[in-house]
Amino acid sequence: MTLRRRNSAAPEQDDGSAVTLLNMEKPTRFRPSAQELLAKQPSTHGLLLKRSRPFLGLLPRCCPDKWRERYYVLAGRYLFRFESSFGERPKGTPVPVEACSCALEEGEFSDSSGGPGGTPRGEEGEFSFGFVVSTLRKAYHLRAASAEERARWVAAIQAAKLRAIKERMGHAVPNPMHGVANEAGD
C-alpha cells in the first residue's frame, strides 16, 4: 500500500514533483538459515529435544507432552531454533540470551510423558539430561544427550548472556562474525 502526501516545503507545482510517496508496507524481516549461522562461527550448536505441550498443558491425561528434535544455534545475542541443521528459517522467535536464565532440571530421566511422542530415538536414557531456558514469557524445557553436552550448553548460554550485557553497555566490542545473528534477532 502506497500513500501520497504533498510536500509542504515545496511550492505548488503542476508537474507532480511536490508529491512524495510513503511506503506503508510491512518490512520483511531477515531470517538467516541454519547454514548461514553455522558459517559465522556460532558460540555453540547442536541437536536438543524440546518439550512441546499440546493445548498449553491443560489436558495432560489425553494429550501428554511430546519431545521434538530441534537443531539449536547460539550465535551472538540470540538462541535460534531450527527443524534440522539444514533449516531454511528459524522456528519461532529467536530467544534473547540477555533476558534469559538457564537452570538444570533435577535428576536424570527417560521418557516421563507416559505416552506417544516421547524420546524420538526410542532408546531409554538417550537425551535424558534436561535443562530449562527461561524468559519472562516462556520456559523452554530442553534435553541433551549427555551430562557433558548439557553442561556445555548451560555454560555457553551463561557466557553469551554476560557477553551480550557487556556489549549493550559498551564494555565489549561485538563480534563482527555475529552481526548476521544480531541483526536477525533485533
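Treat the numbers as computed from the prediction; the structure is a model and nothing was measured.

1. Section: the sheet that holds strand β9 (residues 139-144)
Right, on to step 1. Reading across from one edge, β6-β5-β4-β3-β9-β8-β7 is the order of the seven strands in this open sheet, with antiparallel pairing throughout. Each having just a single partner strand, β6 (95-96) and β7 (101-104) make up the two edges of the open sheet.
Right, on to step 2. The sheet contact formed by strand β5 (residues 78-82) and β6 spans two bridges and is antiparallel. Across the sheet, residue Leu79 finds its bridge partner in β6, namely Val95.
Right, on to step 3. Strands in contact with helix α2 (residues 147-169) are β3 (44-52), β4 (66-75), β5, β7, β8 (129-134) and β9; relative to β3, the strand with the most contacts, it is inclined by about 105°.

2. Brief notes about the pairing of β9
Right, on to step 1. Summarising burial for β9: five of the six residues are buried, a large majority.
Right, on to step 2. Relative to β9, β3 is paired through two bridges, and the arrangement is antiparallel. Residue pairing for β9: Lys50 is matched across the bridge by Leu142.
Right, on to step 3. Pairing of β8 with β9 involves six bridges; the strand directions are antiparallel. Note that in β9 the partner of Ser134 across the bridge is Ala139.
Right, on to step 4. Hairpin geometry of β8 and β9 is characterised by an intervening segment of four residues between the two adjacent antiparallel strands.

3. A short note on the packing of aromatic side chains
Right, on to step 1. Inspection of the entire model under this criterion finds two aromatic pairs.
Right, on to step 2. Judged by centre distance (6.5 Å) and plane angle (80°), the rings of Tyr72 and Trp153 are edge-to-face. Of this pair, Tyr72 sits in strand β4 while Trp153 sits in helix α2, placing them 81 residues apart in sequence. Accessibility classification places Tyr72 together with Trp153 in one group, the buried group.
Right, on to step 3. Between Tyr78 and Phe80, the aromatic rings sit 6.4 Å apart at their centres with planes inclined by 55°, giving tilted as the arrangement. Judged on exposure class, the residue Tyr78 and its partner Phe80 are both buried.
Right, on to step 4. It is Arg143 that lies over the ring of Trp67; its NZ or CZ is 3.7 Å from the centre.

4. A closer look at unusual backbone geometry
Right, on to step 1. A positive phi is found at Gln41, a non-glycine position, where the angle reads about 55°.
Right, on to step 2. Of note, Gln41 is situated in the loop between α1 (34-39) and β3.
Right, on to step 3. Given the relative accessible area of 54%, Gln41 is considered exposed.

5. Here we look at the layout of surface pockets
Right, on to step 1. There is about 200 Å³ of room inside the second largest pocket.
Right, on to step 2. Forming the walls of the second largest pocket are Thr93, Pro94, Val95, Pro96, Ala99, Thr135, Leu136, Arg137, Lys138 and Tyr140.
Right, on to step 3. Split into classes, the residues belonging to the lining of the second largest pocket amount to six nonpolar, two polar and two charged.

Each value, and the rule that gives it
- Residues numbered from 1 in each chain as written.
- Predicted model: local features only at pLDDT ≥ 70, side-chain atom pairs only at ≥ 80, totals over all residues.
- Heavy atoms only, no water.
- Pairing = 2+ DSSP bridges.
- Helix = DSSP H or I, 4+ residues; strand = E, 2+ residues; numbered from the N terminus.
- Contact = heavy atoms within 4.5 Å.
- Axes fitted to C-alpha atoms, helices over the stretch in contact; angles between N-to-C directions.
- Buried < 20%, exposed > 50% of the residue type's maximum accessible area, 1.4 Å probe, protein only.
- Phe/Tyr/Trp six-rings, centres within 6.5 Å; stacked < 30°, edge-to-face > 60°.
- Lys NZ or Arg CZ within 6 Å of the ring centre and 35° of its normal.
- 1 Å grid on protein atoms, 1.4 Å probe; cavity = no way out; pocket = protein on both sides within 12 Å on 5 of 7 lines; lining within 4 Å.
- Points joined across faces, edges and corners; volume = space filled by probe spheres on them.
- Nonpolar A, V, L, I, M, F, W, Y, C, P; charged D, E, K, R; others polar.

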